[in-house]
Amino acid sequence: MIQVAGRPFDAAPMLAEYPLNSVQHEVLRTMDQSATVYRFDSVEELRFTLSMRHKTVEAAKLQSRSGLRFATFHDAFCNEEYWERTSNGGFQLKPGAVPSEAILDIFKNGRKYGTECATAMVIIIYKALLEVYGADLFNRTFKNIYLMDWSIRQPLLQEIGTPRKVPELLVGDRAYFMNPQVSPETSWWRGENVIVMLDNLFYGHGIGIRTAPEIIASLNRNRIEGATESAYLMDTAARPNYKKLFGVWEKNQQQSGPLVWQFPETSTVSHR
Amino acid sequence: MNQSESTIHLENIRVEQGDEVCIDEFRKAAKRSRAEAVKLLNDNSMTFPCLFLLMPSIEEFRLQQQMYTKYAIAVEVSKQILNENYNPRKDYLKNGGEKAHETLIWMLTTGYQENKPAEKFQKIIDIVVSVLIHIYHETGILPQVAELIFTRRIRGENVHELIWAYFRSRETKSLQFIAEKLPSSDLAEADFIYDLLGISHDTKLAPAEEYEKYIVWLQENENKLVFNEENKQYTSRPVVCRMDQIEGKENAT
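First, a word on scope: everything that follows refers to the structure included in this document. (Residues numbered from 1 in each chain as written. Chains lettered and ligands numbered in written order. Predicted model: local features only at pLDDT ≥ 70, side-chain atom pairs only at ≥ 80, totals over all residues. Heavy atoms only, no water.)

**Side note on the overall build of chain A**
Regarding its fold elements, chain A presents 8 helices and 15 strands. Taken along its principal axes, the extent of the C-alpha atoms in chain A is 60 × 45 × 25 Å. Looking at chain A as a whole, 59% of its 272 residues are labelled buried. Residue pairs at least 24 apart in sequence account for 65% of intrachain contacts in chain A once pairs closer than 6 positions are excluded. For chain A, the exposed area adds up to about 11200 Å²; of that, 50% sits on carbon and sulfur atoms. Taking the 30 positively charged and 30 negatively charged side chains of chain A as two groups, their mean positions are separated by 2 Å. (Helix = DSSP H or I, 4+ residues; strand = E, 2+ residues; numbered from the N terminus. Buried < 20%, exposed > 50% of the residue type's maximum accessible area, 1.4 Å probe, protein only. Contact = heavy atoms within 4.5 Å. Areas by Shrake-Rupley, 256 points an atom, 1.4 Å probe, with all protein chains shown as cover. Lys, Arg positive; Asp, Glu negative; His and termini not counted. Charge placed at Lys NZ, Arg CZ, Asp CG, Glu CD.)

Set out below in C-alpha cells:
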C-alpha cells in the first residue's frame, strides 16, 4: 500500500504512465500490492524515488559492461587522473577533479579500476544520483567523494551502508548474499553485495547479472572443505534515504526557477 | 662481505641496513656459491619479512628445495596466495598438517610487527591469519592479531579482512583483547574500539571507566554471547555478536 501525504494513494494512473516491465512500473506495483505501507510526503517524492531506482538499475547494467575489475582492497587500483588510491585500498577524489567526471570515468574506463563488491555498489548509487540530479547539483552536493566499501563519509548517503530487515525486496535495492562457510583462503567470497534487478535477477560486481541460484552457486564454490551450509540471500536491504535526497533535489529546483517535476527517464511533467 | 660467514644474519642486515643491502648481500653470496646462500637462508633467526623480501632471489637461484622445510613451505604458501594461477606442490592452506600449522604461526609471529609492509605482504598475512583461525582453530594468535589491527589502523591501512577473520574465532577473548586497548586509547581510537565491540558508549565515562564497565559485563555474560556473520563488506556498522535472546542480560551500555 502507498500513502502520499498521509492518505491512501491510487497508483493506477501512475502505473499507466510507465511501460510494463519498467523499473518504475515494477516498483510501484510491488509497493501498491504490499501489506507494508510505503509513505511519501508528495507525489513528486514518489516519482523521485522511482526515478532513482530506475537509474540505479541502469547504472548496474552499465557497470556490468564497463570492464571494472574485481580486486580485493590490497590489490585495488584506480585511474589516478581523477582518484587517489588510499593506503587502505579506497579511492579518494583528487583535489581539483570534477566529481561528476570522476564518477563517469569509472563507467567509461572501467579497466583502469579494480575494487570489491561493496565499493562497486556505492559507485552505482553515485552514478544514479548523477543521472537524477544532473551534473551541476551533483557536483555541488558531493564535492568530496571517498569510495571504500561502506565507510561512507557523505552524510546524505549513510543509509546505504546499513541494511535493515525488509518485508520484500524492491527493484533497485542493495541486497546481500551471505556465505557463512566461506573458504578462509578466499575470504572476499564471504558474501556478495547486489543490486536487485528486474525479472528476479541480481547484479553483483565480479559475478555479473545473474539469478539468485547462480549467485549462490558461485559463492558455494568458494566454501571451506566439508561445508554443510549453503550461501543464501538475506532478508535485508539497504536503501538510500530517498526522502533526504529528494529534499536536496527539491530545494535546488525551487532556487533555480519554475517548478518543473521532470526526471530524466520520463516525459511526464507535472506542475505543483 | 666484511663479516665472517658464520656471524652473518640476513635479518640483522635487513633491520640495520635496509632492504636493498640485505638483498644485495644475499645475491652476492648466491653468485659466489649456492651452498653459502642456502646457509644464509637456513638461519634460525630468519623472519618471514626477510624471507618475503628475498623471495624473487630465492626463485632466481632456485634455492627453495634446499631450504629448511618451514621456510620452503612459507615460500610456497606466499606464491599460492599471490598468484591465483599458481599450482602448489601441496595445498598447505587447505590442510597441511602440523608442519604447515607451525609455519603459518611462524609467518605471523615474525611478521606482524613489520614496520612498513608491502601491500602483498599484508595480503599474505591476512590469509595466514584467516587460515590459522578457520582451519587450525588457532586462538593463541588473537593477541597478535589484535595488535596488528590497531597498528594497521593507525597507519591508515586495510583492516577489514583481519577484523573479519579475528571475530570468526567466535571467542569472547577476542572481545577482551580489543577492550583492553580502551584505558590507553585516545578519543579517535576509543571510537574505533567502541565500533569493533558494537557498543554505544556512555559519553560521561572516560575510556578507562568504560573498559571496567565492559569487562564486568563481559564476565557476567560471556557464555551467552552469540557471534554472527556481520562484517564490513555487508554493513558500515557490523555488530559481531549479540546476546542470546533468552539467557542474556541487557547490553553493557
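**Quick notes on the interface of chain A and chain B**
The interface of chain A with chain B comprises 36 residues on the first partner and 30 residues on the second. Taken together, both faces of the contact between chain A and chain B bury some 2800 Å²; the carbon and sulfur share is 50%. When the buried surface of chain A facing chain B is broken down by residue, His74(A), Glu185(A) and Arg190(A) rank first, second and third, together holding 29% of it. Here chain A and chain B share 4 salt bridges between them. Between Glu185(A) and Lys94(B) there is a salt bridge, with the nearest N and O atoms lying 3.2 Å from each other. Across the contact surface, chain A and chain B share 22 residue pairs in polar contact (both at pLDDT 80 or more). Mapped onto the side of chain A that touches chain B, the elements with two or more residues apiece are helix H5 (117-133), strand S10 (174-178) and strand S11 (191-196) of chain A. Tallied by class, the residues present in the side of chain A that touches chain B amount to 14 nonpolar, 13 polar and 9 charged. (Buried area = accessible area lost by both parts, 1.4 Å probe. Salt bridge = Lys/Arg side-chain N within 4 Å of Asp/Glu carboxyl O. Polar contact = N/O pair within 3.5 Å; in protein donor to acceptor, adjacent residues only side chain to side chain. Nonpolar A, V, L, I, M, F, W, Y, C, P; charged D, E, K, R; others polar.)

**Concerning the environment of Asp19(B)**
Residues and elements named next belong to chain B. Positionally, Asp-19 belongs in helix H2 (residues 19-32). Note: C-alpha distance between Asp-19 and Glu-114 (95 residues apart in sequence) is 12 Å. The contacts of Asp-19, once residues within four sequence positions are left out, are Arg-14 and Leu-53.

**Side note on the sheet that holds strand S1 (residues 2-4) of chain A**
Residues and elements named next belong to chain A. What the 3 strands build is an open sheet, ordered S2-S1-S3; its pairing is mixed. Since the sheet does not close on itself, it has two edges, and those belong to strand S2 (7-8) and strand S3 (38-40), each with one partner. One ladder, built from 2 bridges, connects S1 with S2; its direction is antiparallel. Counted as the bridge partner of Val-4 is Arg-7 from S2. (Pairing = 2+ DSSP bridges.)

**A word on the nonpolar core**
In this structure, Leu51(B), Leu54(B) and Leu175(B) are the most contacted members of the largest nonpolar core, which totals 86 residues. Ignoring any residue separated from it by four or fewer positions in sequence, one finds Leu51(B) in contact with Leu41(B), Met46(B), Ile58(B), Met67(B), Tyr71(B), Ala74(B), Val75(B) and Trp106(B). Counting 66 residues, the second-largest nonpolar core is a separate cluster that includes Tyr38(A), Leu46(A), Ala97(A) and Ile124(A). (Core = buried A, V, L, I, M, F, W, Y, C linked by side-chain atoms within 4.5 Å.)

**Some details on the packing of aromatic side chains**
Evaluated as defined, the whole model comprises 20 aromatic pairs over all chains. Relative to Trp217(B), the ring of Tyr214(B) lies with its centre 5.4 Å away and its plane at 40°, an arrangement referred to as tilted. Taken as a pair, Tyr214(B) and Trp217(B) lie in helix H13 (residues 207-221) at a separation of 3 residues, close to a single helical turn. Side by side, Tyr214(B) and Trp217(B) carry an identical accessibility label, which is buried. Through successive ring pairs, a cluster of aromatic residues spans Phe48(A), Tyr126(A), Tyr133(A), Phe138(A), Phe142(A), Phe246(A) and Trp249(A). The side chain of Arg153(A) reaches across the aromatic face of Tyr146(A), ending 3.7 Å from its centre. (Phe/Tyr/Trp six-rings, centres within 6.5 Å; stacked < 30°, edge-to-face > 60°. Lys NZ or Arg CZ within 6 Å of the ring centre and 35° of its normal.)

**Considering the pairing of strand S13 (residues 208-211) of chain A**
When a strand is regular, its side chains alternate between the sheet's two faces. Residues and elements named next belong to chain A. As paired elements, strand S12 (residues 201-204) and S13 share 4 bridges and run antiparallel to each other. Counterpart to Gly-204 in the pairing with S13 is Gly-208. The hairpin formed by S12 and S13 contains 3 residues between the paired strands, and Gly-206 there has a positive phi angle of roughly 100°.

**Quick word on the pairing of S10(A)**
Residues and elements named next belong to chain A. Most of S10 sits inside the fold, with 5 of its 5 residues counted as buried. Where burial is concerned, the two faces of S10 agree: the one with Arg-174, Tyr-176 and Met-178 and the one with Ala-175 and Phe-177 are both buried. As paired elements, S10 and S11 share 5 bridges and run antiparallel to each other. Bridge assignment links Ala-175 to a residue of S11, and that residue is Val-194. Note that S10 and strand S14 (residues 232-233) share 2 bridges and pair antiparallel. Following the sheet pairing, Met-178 is matched in S14 by Tyr-232.

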